[in-house]
There are 2 protein chains.
Amino acid sequence: MAAGRLAVVGLGPGSPGLMAPDARAELDRAQDIVGYATYVQLAGAFRPDQTLHVSDNREELDRARHAFALAASGRHVAVVSSGDPGVFAMAAAVLEALEQSDDPAWHAVDLVVLPGISAAQAAAARAGAPLGHDFCTISLSDNLKPWAVIERRLDAAAGADFVLALYNPVSRARPWQLDSALSLLRRHRDAATPVVLGRDIGRPGETLTVTTLGAVTAAMVDMRTVVIVGSSETRVLPRSGHGAWVYTPRRYPER
Amino acid sequence: MAAGRLAVVGLGPGSPGLMAPDARAELDRAQDIVGYATYVQLAGAFRPDQTLHVSDNREELDRARHAFALAASGRHVAVVSSGDPGVFAMAAAVLEALEQSDDPAWHAVDLVVLPGISAAQAAAARAGAPLGHDFCTISLSDNLKPWAVIERRLDAAAGADFVLALYNPVSRARPWQLDSALSLLRRHRDAATPVVLGRDIGRPGETLTVTTLGAVTAAMVDMRTVVIVGSSETRVLPRSGHGAWVYTPRRYPER
């Protein structure tokens, strides 16, 4: 039996207009679509001859194994991720599943990863260009790493004056982590430091909030929000009609 | 006279299949296309009624001002950037130009930024998922920031065990910076640390090289290459038929 194909597909932030044509083509070509329910819905409509395998968000490795089992049987499978599957998403889980398997049929699968626009990029574009200079991308979830590692990274990144893009800032099971992270960042940065909150950018009801490190609280943020904290150089300027632009200049001064 | 529109458009890594439909639509709608020659070519074919304004890569602020002058006169203008215009590209320059202007016509322009898939994401997808855990994105160009700032950031990021995505690693005018950066990183990371070199990913003749921090040299890299340096956890596994997969696990161990 010929090995099938497993494509890890980045849907982008949610709007069809921000999904790469290669991702769209892969979804159209797939016989099986594997993913978390919300992401399968984001991916758009499927044909009756396509099989949807919808699973719970927390079972990433199980989902990856299921996808490999289907592909190894000869099927064309798309595993969907919102944003970029390479950024805190399914691509790493799929490679973990592959590395842990000694089934030659899994290793013979035609595996591809199709990148997508990630949530922080979509929020940054709406806000202007807060990621226009060196930045760090950190997940605040301590489900799979010790909180001490996250603190050490926040401290290092803030100390070296990186802009920060914070993924998975809060969840019902992780209520205190964001406030703890913000307290840590306030030891390095001025209260006036611009902060961008992008929620559901590219989806219906998206909201963009421009605030400051002094004013932001975890109550303003939920699990569908990406948080961008500026560097000491990040600037805010008035936006015609409504709100503000935020950008980090390309130039960094001698100190 | 009605103000025009200025769209800062991310072309993605170069392949039409990785350019967002919103970006494509904006290019089709634009009356004027402003950009560096290579990027204007990447953007695809234009109609005879569209005017191309091709300029030299180094004149980003001049290009941004030219685009605003056109848009303020009522034109629909697209400023093109490869990758994501928000990541070391034109979006910050456009906002700098806007902030420095007190012309109300510039501030009345309908300004939008359309994100794109950035070079590091495209290279990461080809390699597997090296950016699957916390990572820092750093430009090694010291044209607009002191080298000491770059060293401090590399040191902080490596010390906190981030994966690193290095943009602008070398150019004719900056021949020594990458070797200097690699030497610094070798003080923190094992020689076996995986390194991914992605050159022209998504364009004709693309190459992907998987090597190690011990083996990589600046001679293997040019200005069209993005360099991804793994963390202590980044793993390599054999790839069916050719080469290797590289990924950074989602889980980070207690130490």
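Okay, so let's go over this structure. What you see is a predicted model, and the numbers here were worked out from it, not measured in a lab.

## Some words on a nonpolar patch on the surface
Moving on, step 1. Taken together, the side chains of L208(A), V210(A) and V236(A) make up a nonpolar region of the molecular surface, amounting to roughly 190 Å² of accessible area.
Moving on, step 2. The exposure class assigned to V210(A) is partly exposed, which follows from its relative accessible area of 31%.

## Description of the packing of aromatic side chains
Moving on, step 1. This structure, assessed with the given rule, holds eight aromatic pairs over all chains.
Moving on, step 2. A cation sits over an aromatic face here: R239(A) above W245(A), 3.6 Å from the ring centre.
Moving on, step 3. The side chain of R153(B) reaches across the aromatic face of Y252(A), ending 4.6 Å from its centre.

## Some remarks on the relation of the copies chain A and chain B
Moving on, step 1. The two copies are related by a screw operation: chain A maps onto chain B through 180° of rotation and 0.0 Å of translation along the axis, at an RMSD of 0.0 Å. Here the copies are linked by what is in effect a two-fold axis. Measuring from the rotation axis to each C-alpha of chain A, the shortest distance belongs to C136(A), at 2.0 Å.

## Section: unusual backbone geometry
Most peptide bonds take the trans configuration, and most residues that are not glycine carry a negative phi.
Moving on, step 1. Although it is not a glycine, F88(A) adopts a positive phi angle of roughly 50°.
Moving on, step 2. As for its position among the elements, F88(A) is in the loop between β4 (76-81) and α4 (90-99).
Moving on, step 3. For N168(B), which is not glycine, the phi torsion reads 45° and is therefore positive.
Moving on, step 4. Structurally, N168(B) is set in the loop between β8 (163-167) and α8 (177-186).

## Focus: the interface of chain A and chain B
Moving on, step 1. Counting residues at the interface gives 70 residues for chain A and 70 residues for chain B.
Moving on, step 2. Overall, the association of chain A and chain B removes approximately 6,100 Å² of surface from exposure, summing both partners, and the carbon and sulfur fraction of that is 58%.
Moving on, step 3. A per-residue breakdown of the area chain A buries against chain B is headed by L144(A), R153(A) and R250(A), which together make up 14% of the total.
Moving on, step 4. Connecting chain A to chain B are 10 salt bridges.
Moving on, step 5. One salt bridge in this structure joins R235(A) and E99(B), with 2.7 Å as the shortest N-O distance.

Calculation notes
Residues numbered from 1 in each chain as written. Chains lettered and ligands numbered in written order. Predicted model: local features only at pLDDT ≥ 70, side-chain atom pairs only at ≥ 80, totals over all residues. Heavy atoms only, no water. Patch = residues over 30% accessible without salt bridge, like charges linked within 9 Å, V, L, I, M, F, W, Y side chains within 5 Å. Areas by Shrake-Rupley, 256 points an atom, 1.4 Å probe, with all protein chains shown as cover. Salt bridge = Lys/Arg side-chain N within 4 Å of Asp/Glu carboxyl O. Buried < 20%, exposed > 50% of the residue type's maximum accessible area, 1.4 Å probe, protein only. Phe/Tyr/Trp six-rings, centres within 6.5 Å; stacked < 30°, edge-to-face > 60°. Lys NZ or Arg CZ within 6 Å of the ring centre and 35° of its normal. Least-squares fit on C-alpha atoms with pLDDT ≥ 70 in both. Helix = DSSP H or I, 4+ residues; strand = E, 2+ residues; numbered from the N terminus. Contact = heavy atoms within 4.5 Å. Buried area = accessible area lost by both parts, 1.4 Å probe.

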